[in-house]
Amino acid sequence: MSLREQINNDIKTAMKEKEIAKRDALRLLSSAMKQIEVDERKELTDEDVIKIIQKQVKQRNDAMAQYRDAGREDLYEKEASEAAIFEEYLPKQLTDAELENALRTIIAEVGAESMKDIGRVMGAASKALGAQADGKRINECAKKILG
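Residues numbered from 1 in each chain as written. Predicted model: local features only at pLDDT ≥ 70, side-chain atom pairs only at ≥ 80, totals over all residues. Heavy atoms only, no water.

Caption draft 1: How the structure looks around the packing of helix H2 (residues 20–40) against helix H4 (residues 73–87). Between H2 and H4, whose axes approach to 10 Å, the crossing angle comes to 70 degrees. What the angle tells us is that H2 and H4 run roughly perpendicular. At the point where H2 passes H4, the crossing takes the right-handed sense. Judged by residue contacts, Ala21, Lys22, Ala25, Leu26, Leu28 and Leu29 of H2 engage Glu82, Ile85 and Phe86 from H4. Looking at the contact of H2 with H4, its residues break down into seven nonpolar, no polar and two charged. (Axes fitted to C-alpha atoms, helices over the stretch in contact; angles between N-to-C directions. Helix = DSSP H or I, 4+ residues; strand = E, 2+ residues; numbered from the N terminus. Parallel < 35°, antiparallel > 145°, perpendicular 65-115°, else oblique. Left-handed = near helix turned anticlockwise from the far one by under 90°. Contact = heavy atoms within 4.5 Å. Nonpolar A, V, L, I, M, F, W, Y, C, P; charged D, E, K, R; others polar.)

Shown next as structure tokens:
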């Protein structure tokens with residue numbers, strides 16, 4: 001079963017079990033996927049769906065920071081719950097130690113020696129680790145290693 005089919009089945013299950021927050025969050029996700037399909041006129045692969053989910057999680061995290069700064073705990077909680085639901089569909093995220101080890105290997109493979117080579121490292125790391133770690137985490141860890 002593809003990730004897209006799993007999400008659609010989970011929407012139906014949430015509707016049957018009257019899990020309104022989960023149903024609404026997954027509908028938002030489904031809507032974002034349909035929008036990409038219509039705009040780009042293509043059938044989404046699991047990899048495409050993962051990228052969409054990552055983008056949605058990032059948007060929720062950005063909104064959470066803004067709501068927390070504005071003192072809107074109610075909206076913060078809503079965004080946090082949506083992000084948690086979305087993250088269930090992402091591959092297991094790497095721990096900091098696993099990420100650092102993987103980046104050290106990638107840095108050795110591309111022959112990076114200083115911060116000047118961060119672009120090559122990020123390109124290779126994003127391809128290799130994109131689904132298992134956020135780009136921001138990859139970048140911060142790579143800077144720490146190269147710095």
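Caption draft 2: Up close: the side chain of Glu37. Its place among the elements puts Glu37 in helix H2. For Glu37, a relative accessible area of 18% corresponds to the buried category. When near neighbours in sequence (up to four residues on either side) are disregarded, Glu37 contacts Arg4, Lys42, Glu43 and Leu44. (Buried < 20%, exposed > 50% of the residue type's maximum accessible area, 1.4 Å probe, protein only.)

Caption draft 3: Just the environment of Lys34, in detail. With respect to the element layout, Lys34 can be found in helix H2. Through-space distance from the C-alpha of Lys34 to that of Met64 is 25 Å; in sequence the pair is 30 residues apart.

Caption draft 4: Representation of the side chain of Glu79. Examined against the element boundaries, Glu79 turns out to sit in helix H4. Setting aside its immediate chain neighbours within four residues, Glu79 contacts Arg60, Ala63, Met64 and Tyr67.

Caption draft 5: Looking closely at the packing of helix H5 (residues 96–110) against helix H7 (residues 135–146). At a minimum axis distance of 10 Å, the contact between H5 and H7 shows a crossing angle of 65 degrees. Here H5 and H7 pass one another in a crossing that is right-handed. The residues of H7 that touch H5, namely those facing Asp96, Leu99, Glu100, Leu103, Arg104 and Ile107, are Arg137, Ile138, Cys141, Ala142, Lys144, Ile145 and Leu146. Here the residues of the contact of H5 with H7 are counted per class, giving eight nonpolar, no polar and five charged.

Caption draft 6: Structural context of the nonpolar core. One finds Ile7, Leu29 and Ile53 to be the most contacted residues of the largest nonpolar core, which totals 18 residues. Looking at this core, the elements that each hand over two or more residues are helix H1 (3–16), H2, helix H3 (46–70) and H4. Non-local contacts of Ile7, meaning those with residues more than four positions away in its chain, are made with Leu26, Leu29, Met33, Val49, Ile53 and Tyr89. Judged by nonpolar contacts, the second largest core, of 17 residues, contains Leu103, Ala112, Val121 and Leu129. (Core = buried A, V, L, I, M, F, W, Y, C linked by side-chain atoms within 4.5 Å.)

Caption draft 7: Geometry of the environment of Glu98. Topologically, Glu98 is positioned in helix H5. For Glu98, a relative accessible area of 35% corresponds to the partly exposed category. With 57 residues separating them in the primary sequence, Glu98 and Arg41 have C-alpha atoms 37 Å apart. When sequence neighbours within four positions are dropped, the list of residues in contact with Glu98 reads Lys92 and Gln93. Of note is the side chain of Glu98, whose polar atom sits 2.9 Å from the backbone nitrogen of Thr95. (Polar contact = N/O pair within 3.5 Å; in protein donor to acceptor, adjacent residues only side chain to side chain.)

Caption draft 8: Structural detail: the pattern of salt bridges. Counted under the stated rule, the structure contains 16 salt bridges. For Glu79, the salt bridge goes to Arg60, with nearest N and O atoms at 3.4 Å. Of this pair, Glu79 sits in helix H4 while Arg60 sits in helix H3, and the two are 19 residues apart along the sequence. Of the two residues examined, Glu79 and Arg60, each falls in the buried class. Here the salt bridges do not stand alone but share partners, grouping Arg60, Lys78, Glu79 and Glu82 into one network. (Salt bridge = Lys/Arg side-chain N within 4 Å of Asp/Glu carboxyl O.)

Shape descriptors only; they carry no functional weight alone.
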